[in-house]
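Architecture at a glance
For reference, the chains in residue letters:
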Amino acid sequence: MINREDWYMIQDMREKGCYISDIAEKVGCCEKTVSRALKRGGPPPRRKMGVRASKLDPFKEQIDQLLAENVWNSEVIYAHIKERGYSGGRTILRTYIQPKRALRRSKATVRFETAAGEQLQHDWTELFCSIAAESKKVFVSVNTLGYSRRFHAWAASTHDAEHTYESIIRAFEWFGGITKEVLVDNQKAAVVHHDRQRGVRFTPGFRLLSSHYGFTPKACRPARPQTKGKDERMIGYLKYNFFKRYRRFDSMDDLNRLLEKWLIEVADQRFHGTVKEVVCDRFERELPQLQSLPPVRFDTSYRQYRRVALDGYIDVRGNRYSVPGELCGTMVALRIGLDGELRVYGINDELVARHRLREKGWSTVADHHRRLWQQAFPVVTRDLQVYEEVGLWS
């Protein structure tokens, strides 16, 4: 429970735009207590306090000394004074400490502003929504420009490495350029490990992506999401704006179509309270600072290998697809695009077959097996003179 002084502190910090988590840290209570205090709309009533002596009075000097040494844990202080004869409870101790927490060094996050074209912040969020009248988990990537706060969002059925790379590429293409660095969380798709002893090690795929697009990869400090706070705020904005307006979608394509429409008509037109400017207007100054897109797009396809069966087919996700008959018994490389296209490459890395992925069944290109049919059923030709000799030809 908080007192009147705490409530006024909560109200003042909230009016200044502090996060509820930072307010709770400073006041020394949980976030739910802060939320309830703000919802109540006024301070708690004054308590009538007597003038009798407190059991804590003889120990206040020791408590103040511990606080000066940056010891703010009430349980630690309680154990310390109890060893020295304190016979009171914990509540009176907490009541004495709470007003003094304003003197504690604040852990409030200082917002870090980046220059135009400097940084893109990337993260995923997940939620359930209705897709084709069925509740499904949807993963949504959010990529936010640190300077202008313009962001791009893309929904997918998974958030693996290939979809992570695809989401960043789509964001670059949406903005029309590339930032100097990309800040990611410590997801497995991008980071192998990140600790003080070994530093940051990015996955080979993410390093290839960064090399292809010419940006410097960055990773947040572990267990500190505030590092990419701009992107975290956009995730909240997306959840409580777009997904409150739209709840049902015919398909994933329908979701992404409505999402792009909302980005243009709503998100880009919003007035940002921190930078005091309309996002699309601020982006116009950032666009010239973005690096140019490369001439060739990074390939985000899944890469696999298969051995071609003797009948000239390969198995992919439970279905069979034809390849040229001369490749029977050899290993071929597969690239399965996120758009559902299957490409097959031969021994010299040449494209030998192309198919659309099927829900079930076989996919056959007739020319692939023409040579196999000729070998299996050769056409036999005879000289017509043979028939004349036996009288069968007239």
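The structure presented is a predicted model; accordingly, all values stated were derived computationally and were not measured. (Residues numbered from 1 in each chain as written. Predicted model: local features only at pLDDT ≥ 70, side-chain atom pairs only at ≥ 80, totals over all residues. Heavy atoms only, no water.)

1. Examining the overall build of the protein chain
Filter applied, for reference: Secondary structure elements follow DSSP: runs of H or I of four or more residues count as helices, runs of E of two or more count as strands, with numbering from the N terminus. Three labels apply to residues, based on accessible area from a 1.4 Å probe with only protein chains included: buried if under 20% of the type maximum, exposed if over 50%, partly exposed otherwise in between. Surface accessibility in these figures is a Shrake-Rupley result with a 1.4 Å probe; residues are shielded only by whichever protein chains are displayed.
In terms of regular secondary structure, the protein chain is built from 13 helices and 17 strands. Counting every position in the protein chain, which comprises 394 residues, the buried fraction comes to 42%. For the protein chain, the computed accessible surface area is about 23600 Å², with 50% contributed by carbon and sulfur atoms.

2. Quick word on the packing of aromatic side chains
What describes a pair of aromatic rings is the distance from one ring centre to the other and the angle between the planes of the rings. We apply this condition: The rule is short: rings of Phe, Tyr and Trp, with Trp giving its six-membered ring, pair when the centres are within 6.5 Å, and they are stacked under 30 degrees, edge-to-face over 60, tilted in between. Charge-over-ring placement is defined geometrically: NZ (Lys) or CZ (Arg) within 6 Å of the ring centre, and within 35 degrees of the ring normal.
In this structure the tally under the stated criterion is 18 aromatic pairs. Look at Phe242 and Tyr246: their rings are 5.0 Å apart centre to centre, the planes differ by 40°, and that puts the pair in the tilted class. For Phe242, a relative accessible area of 0% corresponds to the buried category. Chaining the aromatic ring pairs together yields one cluster made of Phe151, Tyr237, Phe242, Phe243, Tyr246, Phe249 and Trp262. Cation over ring: Arg150 sits above Phe283, and NZ or CZ is 4.5 Å from the ring centre.

3. Overview of the pattern of salt bridges
Our working rule: Here, a salt bridge means any Lys or Arg side-chain nitrogen found within 4 Å of an Asp or Glu carboxyl oxygen.
Applying the stated criterion across every chain, the model contains 19 salt bridges. Salt-bridge contacts for Arg170 lead to Glu166; the nearest nitrogen and oxygen are separated by 2.9 Å. Of this pair, Arg170 and Glu166 both sit in helix α7 (residues 161-175), separated by 4 residues, roughly a single helical turn. On the basis of relative accessible area, Arg170 is assigned to the partly exposed category, the value being 33%. Here Glu166 falls in the buried class, since its relative accessible area comes to 6%. Because the salt bridges share partners, they merge into one network encompassing Asp299, Arg303, Arg335, Glu341, Arg343 and Arg354.

4. Points about the sheet that holds strand β11 (residues 302-307)
Basically, it comes down to this: Paired strands are those between which DSSP finds at least two bridges. In this analysis an axis means a line fitted to C-alpha atoms, helices contributing only their contacting stretch, and an angle means the value between N-to-C directions, from 0 to 180 degrees.
Judged by pairing direction, the sheet is antiparallel, and its 4 strands sit side by side in the order β11-β14-β15-β16 without closing on themselves. Each of the sheet's edge strands pairs with one partner strand only, and the pair in question is β11 and β16 (351-356). Here the average twist between neighbouring strands, direction ignored, is 25°. One ladder, built from 4 bridges, connects strand β14 (residues 331-336) with strand β15 (residues 341-345); its direction is antiparallel. Bridge pairing in β15 places Ala333 opposite Tyr345.

5. What about unusual backbone geometry?
Negative phi values dominate among residues other than glycine, just as trans dominates among peptide bonds. The phi dihedral of Arg149 is positive, around 70°, even though this residue is not glycine. Structurally, Arg149 is set in the loop between β2 (134-145) and β3 (151-156). Classification of Arg149 as buried rests on a relative accessible area of 1%. Here Asp349, not a glycine, exhibits a phi torsion of approximately 60°, which is positive. In this fold, Asp349 is placed in the loop between β15 and β16.

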